[in-house]
Amino acid sequence: LTVGDQGDFEKAIEDKAGPASRKAFEKFRDKILEKGGLAEVSAYIPPFALRGGGISAIATIFGYILKLMSIGTQGLLLTGPFTNVMKKYDMNDTFIHKWFDYLAFALSGVDASNTQGAPIAYMMSDLHKPDAVLDYPMGGMDSLIQALVKGMERHGGQLRVNSRVERFLLEDKDGKSRCIGVELADGTKILAKNGVVSNAPLWNYARILKDSVDESKRDSPSTQAYLKVKEQADEMSMTRSFMHLHLGIPKDGLPELECHHSVLNFDHPVTDEQNMSIISIPTVFDPSLAPEGYHVVHAYTAASDNFDDWLPFEEETGKVGSRPNSMASQSYNKKEGYETLKQEKAEALWKAVECVIPDVRERAKQKGSVVLVGTPLTHRRYNQRYRGTYGPGVNPGKDVWELAGATTPIEGLYACGDTSFPGIGLPGVAASGTIAANSIAPVDKQLSLMRELREMGALQ
């Protein structure tokens, strides 16, 4: 799906901020996208070439040594905050600065002064290179999930849902801790052949480790490993949480819509609470995702809702009848308060969707429509996210994330997800999973796969 004719975006900038802002953006864009520029350099080392470990990690990137050497001082721009890139190339336009704050926040939950240059430079290439297209999976994200499941099962794997990991099975030997499997919440133990990969955010990961060790054995390798991870988790900041609005509404009478929209007030910092709402209407691309005649709409406040507002309602179950009579009134008031706050916080989302579909509230009342509101508590529950967070934030005194890699202090236990390198956002998380898988596989198998991908044209 073509994003738009070349120049559409630049014209939109001129319409919003004037010809000077357009000229400033085009000059900056061309510098980023020039041959050997930051956008190209940011893609020099593909995730398929990376792995955790020492010498073995060097072996798989050996073919990229010349490219690595050619990066030079641009490496500091890629690993530092994106504002350094704007300063380097004299990007002083106020509107464009706000635009990149928006782009960074949509990606990482923090502004451009706290987001590394590499992912934004890569996004610039993805958005503005000639013939840029948006890849959208027919069947929605579920089609990608099912493809992964199919591949796993074809190789003898098995998917278990509703099977939360309660503990890692650890053993101490020769002064080291090793993970040999996991224990599920129902008591089932699964032993690992080659290793265990955890995609739990660092805070959840530390909690699982706590339940996996005997803290009374303070000097044991497993306990020492847990304490190291706990220290990392305690020091890592986090971004805020989400409100969600899920709708199924009749689409009759609606004009042709775009799929993706962002609504925010540029007069306020993008990081302000509930300032930015993102809207997705996937049925624009794939009508099969909803019954005939309906649109699916998902709107959310992007990492800009405070979890602390919901702490008074953490224990709310809504099952008043299951509690002692003396607790019934208290429980009812708590439930009522939760519903009131939920509707208040959802108002920003309704107003955002109204910018795209002005009569959305009336459509939502029609027969057959669906309205579901999710709070940070919902986000935490269904996504297993500590405090409902979007992911890692920047620690005080720093300007970019400090993230560990795929290997952990425990042999046979690997990490991926947004609290692992390269960090937050779908591309980063996918890359971290690739790196974790590479770290388990023998070097020769990784190199063989890389050769196969090159022959397919899927790897440079």
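Residues numbered from 1 in each chain as written. Predicted model: local features only at pLDDT ≥ 70, side-chain atom pairs only at ≥ 80, totals over all residues. Heavy atoms only, no water.

**Some points on the nonpolar core**
And then number 1: Of all hydrophobic cores here, the largest spans 33 residues; its most connected members are F28, I32, L38, F82, V85 and F100.
And then number 2: Contributions of two or more residues to this core are made by α2 (19-33), α3 (38-42), α6 (74-79), α7 (82-88), α8 (94-108) and α9 (117-128).
And then number 3: The leading source of residues in this core is α8, at 7 residues.
And then number 4: The residues contacting F100, other than those within four sequence positions of it, are F25, F28, F82, M86, A112, I120 and M124.
And then number 5: Of all hydrophobic cores here, the second largest spans 26 residues; its members include M243, L247, A346 and A364. (Core = buried A, V, L, I, M, F, W, Y, C linked by side-chain atoms within 4.5 Å. Buried < 20%, exposed > 50% of the residue type's maximum accessible area, 1.4 Å probe, protein only. Helix = DSSP H or I, 4+ residues; strand = E, 2+ residues; numbered from the N terminus. Contact = heavy atoms within 4.5 Å.)

**Points about the sheet that holds strand β1 (residues 165-173)**
And then number 1: Pairing is antiparallel across the open sheet formed by 3 strands, whose spatial order is β1-β2-β3. Only two strands of the sheet have a single neighbouring strand rather than two, namely β1 and β3 (189-191). Taking the axes of each pair of neighbouring strands and ignoring which way they run, one obtains an average angle of 35° across the sheet.
And then number 2: Where β1 and strand β2 (residues 176-184) come together, 8 bridges link them in antiparallel fashion. Its bridge partner lying in β2, K173 is registered against K176. (Pairing = 2+ DSSP bridges. Axes fitted to C-alpha atoms, helices over the stretch in contact; angles between N-to-C directions.)

**Let's talk about the packing of aromatic side chains**
And then number 1: Under the criterion given, the structure shown has 17 aromatic pairs.
And then number 2: Between the aromatic rings of F9 and W99, the centroid separation amounts to 5.0 Å while the plane-to-plane angle is 55°, which identifies the pairing as tilted. Here F9, found in helix α1 (residues 8-17), pairs with W99, found in helix α8; they are 90 residues apart in sequence, far enough to count as distant.
And then number 3: Measuring from ring centre to ring centre gives 6.2 Å for W203 and Y386, while their planes differ by 25°; the resulting arrangement is stacked. With W203 in helix α11 (residues 202-210) and Y386 in the loop between α15 (376-383) and β10 (413-415), this pair connects stretches of sequence that are 183 residues apart.
And then number 4: On the accessibility criterion, Y386 (40% relative accessible area) is partly exposed.
And then number 5: Taken together, the ring pairs in this structure connect F9, F25, F28, F82, Y89, W99, F100 and Y102 into an aromatic cluster. (Phe/Tyr/Trp six-rings, centres within 6.5 Å; stacked < 30°, edge-to-face > 60°.)

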